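As a plain string of letters, each chain reads:
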Amino acid sequence: KAGVTQTPRYLIKTRGQQVTLSCSPISGHRSVSWYQQTPGQGLQFLFEYFSETQRNKGNFPGRFSGRQFSNSRSEMNVSTLELGDSALYLCASSRTSGSSYEQYFGPGTRLTVT
Amino acid sequence: TQLLEQSPQFLSIQEGENLTVYCNSSSVFSSLQWYRQEPGEGPVLLVTVVTGGEVKKLKRLTFQFGDARKDSSLHITAAQPGDTGLYLCAGARRETSGSRLTFGEGTQLTVNP
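Keep in mind it's a predicted model, so treat the numbers as computed, not measured. (Residues numbered from 1 in each chain as written. Chains lettered and ligands numbered in written order. Predicted model: local features only at pLDDT ≥ 70, side-chain atom pairs only at ≥ 80, totals over all residues. Heavy atoms only, no water.)

K.L.:
Can you walk me through the interface of chain A and chain B in this structure?
P.N.:
Often, the extent of an interface is quoted as the loss of accessible area on bringing the components together. With 26 residues of chain A at the interface, the matching set in chain B holds 23 residues. If you look at where chain A meets chain B, you find one salt bridge. Note that R9 of chain A and E41 of chain B form a salt bridge whose closest N and O atoms lie 3.6 Å from each other. Inspection of the region where chain A meets chain B yields six residue pairs in polar contact (both at pLDDT 80 or more). Among the secondary structure elements, those contributing two or more residues to the side of chain A that touches chain B are strand 4 (31-38), strand 5 (42-50), strand 6 (53-57), strand 9 (87-94) and strand 10 (104-105) of chain A. No other element matches strand 4 of chain A, which puts four residues into the side of chain A that touches chain B. Tallied by class, the residues present in the side of chain A that touches chain B amount to nine nonpolar, 12 polar and five charged. (Contact = heavy atoms within 4.5 Å. Salt bridge = Lys/Arg side-chain N within 4 Å of Asp/Glu carboxyl O. Polar contact = N/O pair within 3.5 Å; in protein donor to acceptor, adjacent residues only side chain to side chain. Helix = DSSP H or I, 4+ residues; strand = E, 2+ residues; numbered from the N terminus. Nonpolar A, V, L, I, M, F, W, Y, C, P; charged D, E, K, R; others polar.)

K.L.:
I tried to follow the side chain of S33 of chain A on my own but got confused; where do I start?
P.N.:
Inspection of the secondary structure puts S33 of chain A in strand 4. Its relative accessible area of 0% is what places S33 of chain A among the buried residues. Not counting chain neighbours up to four residues away, the residues in contact with S33 of chain A comprise F45, F47, E48, L90, C91, A92 and Q103 of chain A together with S99 of chain B. (Buried < 20%, exposed > 50% of the residue type's maximum accessible area, 1.4 Å probe, protein only.)

K.L.:
Help me understand the sheet that holds strand 3 (residues 19-24) of chain B, please; the structure alone is not making it clear to me.
P.N.:
Two orientations exist for strands paired in a sheet by backbone hydrogen bonds: parallel and antiparallel. All names here are of chain B. The sheet built from five strands is open, its strands ordered 1-3-8-7-6 with antiparallel pairing. Each edge of the open sheet carries a strand with a single partner, namely strand 1 (5-7) and strand 6 (55-58). In this sheet, neighbouring strand axes are inclined to one another by 15° on average, regardless of whether the strands run parallel or antiparallel. Two elements, strand 1 and strand 3, share three bridges in a ladder whose sense is antiparallel. Along strand 3, the bridge assignment pairs E5 with N24. (Pairing = 2+ DSSP bridges. Axes fitted to C-alpha atoms, helices over the stretch in contact; angles between N-to-C directions.)

K.L.:
What am I meant to see in the state of the cysteines here?
P.N.:
One covalent bond between the sulfur atoms of two cysteine residues makes up a disulfide. Residue and element names in this part refer to chain A. On inspection of all chains with the given rule, the structure shows two disulfides over all chains. One disulfide in the model links C23 with C91; its S-S distance is 1.8 Å. Every disulfide takes its handedness from the sign of the S-S torsion; for C23 and C91 that torsion is 65°, giving right-handed. One end of the pair, C23, is in strand 3 (residues 19-24); the other, C91, is in strand 9, with 68 residues separating them in the sequence. Given the relative accessible area of 0%, C91 is considered buried. (Disulfide = S-S within 2.5 Å.)

See the structure below:
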């Protein structure tokens, strides 16, 4: 069974631009969560999507948004990029939504904002 | 405020030594997961513990969930260079809707040959 895939793996953007990252969950998984990982803050929860609906949201500004498609694939978008948005963006999928279900992570997208 | 406190943050040991990593919180978790992450890659799930007092073994790794489900530990016996990596604990809380995980800061383990 293929794991979680994320594209692109690396991205360099300029301050003020916007970016879209993509995540394909494990086949059969319907929940996709997004996390931001930085050296200073560690892994921080961004949001979770389940059945094309945002189920949960972390403490990030409105510049961070996402969506999920009917095939469970998810995208996250960051608008008006700031230098502090440079991070490893990870998505994780689980079979369904809920605290009892294990999450499996993709390799991440390394975003660098210059 | 960090909900999950992990210690130590850094650990450098020689091959063959034993070590323990701790994950502590004042909150109760419905489950706790341990991950290992290599540089430039996503975290890889090692184990999930759900019952207070539960002990799980994965070869030379032993995971324990505290009786009150507020803390956990990871013990590695006879560490090998291949164990090098960032170890992360992550908790799921039942009162939080969905699949949101709260992560500790991580323990960077280096095992020297």
